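# Fold and geometry: a report
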Amino acid sequence: MGRAARVRRDEIVRLATTTGLASVEELSAQLGVTASTIRRDLAHLKSEGLLARTYGGAMAVVTHPEASLRQRIGEAFEAKRAIAAWAAAQVRPGETILLDAGSTTGALAHELRHAADLTIATTGLNALQELVGATGVHVECLGGTLRQVSQGFVGPLAEAALSRMTFDRVFLGADAVTADDGICEASLQQTRMKELMMARSRHVYLLVHAAKLGRRPFHAWARMPDAWTLVTDASAAPEALEPFEARGVRTVVVAAHAG
């Protein structure tokens, strides 16, 4: 999808959010494209869950409240467990790694509880809970302001702590990710934190189940570095992976029974 189409579809979502309803004819006139183009846009946005079509061609926005960590833990459980098992196998003794907040990175912390000679820093409260009692792991908490919905630490204190360390590997989660714009999150505090995490790390991994690929539920973005690895599950369609592979992103698809 070209940039013009992305911009147009973002504007359709914005207009629907502010007006409640928008007809095909109104959108066609306002955006300067044909009605058939608008209908294709609406079909695409509906397939992404960003809009709901109404009778007569009008549409209404479906709101996208940020899911809580508790809600996310129960989603795609087997896929996340498989992704976490693959990620744990990449970690080597003696390394210092960084874990993002999130359900998949929490599953990775669970996998690493019995590691030896490992330093783990994290912004995730659930990862910290998983590592309590992990005698072979030195744990660093990058404290700061706790976001209750994601149970992750953000803000200037977390950023200051992050600036004092470097990492062999960082494992990130995301609300969504696109090949063009990177990681999508509910807040700019989160995306700033993720960009800083990537900048301090030698190897960057993004751990997301397939439903998050190509989605754009929010308007805060973190740009990806030149080299990074996308790790997802086997339900990912080839057409969802193709934009990432076209940009040279290393993609890893993990079968649900792995680990």
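The structure we're discussing is the one just above.
So, here's what we can say about the structure.

## Description of the packing of helix H5 (residues 77-90) against helix H6 (residues 103-111)
H6 packs onto H5 with a crossing angle of 55° between their chain directions and a minimal axis gap of 8 Å. Relative to H6, the element H5 lies oblique. Classified by chirality, the crossing of H6 by H5 is right-handed. Contacts between H5 and H6 involve Lys80, Arg81, Ile83, Ala84, Ala85, Ala87 and Ala88 on the former and, on the latter, Ser103, Thr104, Ala107, Leu108 and Glu111. For the contact of H5 with H6, the per-class residue count stands at seven nonpolar, two polar and three charged.

## Considerations on the side chain of Gln90
Its location among the elements puts Gln90 in helix H5. Accessibility expressed as a relative area gives 16% for Gln90, which makes it buried. Those residues in contact with Gln90 that lie beyond four places of it in its chain are Glu95, Arg169 and Tyr205.

## Notes on the packing of aromatic side chains
Summed over the entire model, instances satisfying the criterion amount to three aromatic pairs. Each ring, one from Phe171 and one from Tyr205, has its centre 4.7 Å from the other, and the planes form 15°; the classification is stacked. Remark: Tyr205 occurs in strand E11 (residues 201-207) and Phe171 occurs in strand E8 (residues 167-172); sequence separation between them is 34 residues. Of the two residues, Phe171 and Tyr205, neither departs from the other in class, the shared state being buried. Ring geometry for Trp228 against Phe244: centres 6.2 Å apart, planes inclined by 85°, an arrangement best described as edge-to-face. Taken together, the residues span a long stretch of sequence, with Trp228 in the loop between strand E12 (220-222) and strand E13 (229-233) and Phe244 in helix H10 (residues 238-246) at a distance of 16 residues. Taking relative accessible area as the criterion, Trp228 reaches 8% and is therefore assigned buried.

## Topic: empty space enclosed by the protein
By the definition in use, this model includes one cavity of 30 Å³ or more. By volume, the largest cavity is sized at about 230 Å³. Asp100, Ala101, Glu185, Gln190 and Lys194 are, among the 22 residues lining the largest cavity, the residues nearest its centre. Secondary structure elements with two or more residues in the lining of the largest cavity: H6, strand E7 (152-154) and helix H9 (188-199).

The rules behind these values
- Here, residues in each chain are numbered from 1, in the same order as that chain's written sequence.
- Restriction of local features to residues with pLDDT of at least 70 applies here, the model being predicted, together with a cutoff of 80 or more for giving and counting side-chain atom pairs; totals for whole chains, interfaces and linings are based on all residues.
- With hydrogens and water stripped out, all remaining heavy atoms of the structure feed into the side-chain values.
- To obtain an axis, a line is fitted to C-alpha atoms, over the contacting stretch when the element is a helix, and the angle between two such axes runs from 0 to 180 degrees between their N-to-C directions.
- Counting from the N terminus, the helices are DSSP H or I runs at least four residues long and the strands are E runs at least two residues long.
- Between 65 and 115 degrees an angle is taken as roughly perpendicular, under 35 as roughly parallel, over 145 as roughly antiparallel, and anywhere else as oblique.
- The sense of a crossing depends on the near helix, which, turned anticlockwise from the far helix by less than a right angle, makes the crossing left-handed and, turned clockwise, makes it right-handed.
- Any pair of residues with heavy atoms lying within 4.5 Å of one another is described as a contacting pair.
- Residues are grouped as follows: Ala, Val, Leu, Ile, Met, Phe, Trp, Tyr, Cys and Pro are nonpolar; Asp, Glu, Lys and Arg are charged; all remaining types, including Gly, are polar.
- Partly exposed residues are those whose accessible area sits between 20% and 50% of the maximum for their type, while under 20% is buried and over 50% is exposed, using a 1.4 Å probe and protein chains only.
- Here a Phe, Tyr or Trp ring, Trp counted by its six-membered ring, pairs with any other such ring whose centre lies within 6.5 Å, and the pair is stacked when the planes are under 30 degrees apart, edge-to-face when over 60, and tilted otherwise.
- Note on definitions: the grid is 1 Å and covers protein atoms alone; a cavity is a set of points where a 1.4 Å probe fits but cannot get out; a pocket is an open set with protein on both sides within 12 Å along at least five of seven lines; lining residues have an atom within 4 Å of a point.
- Grid points are joined across faces, edges and corners, and a volume is the space filled by probe spheres set on the points.

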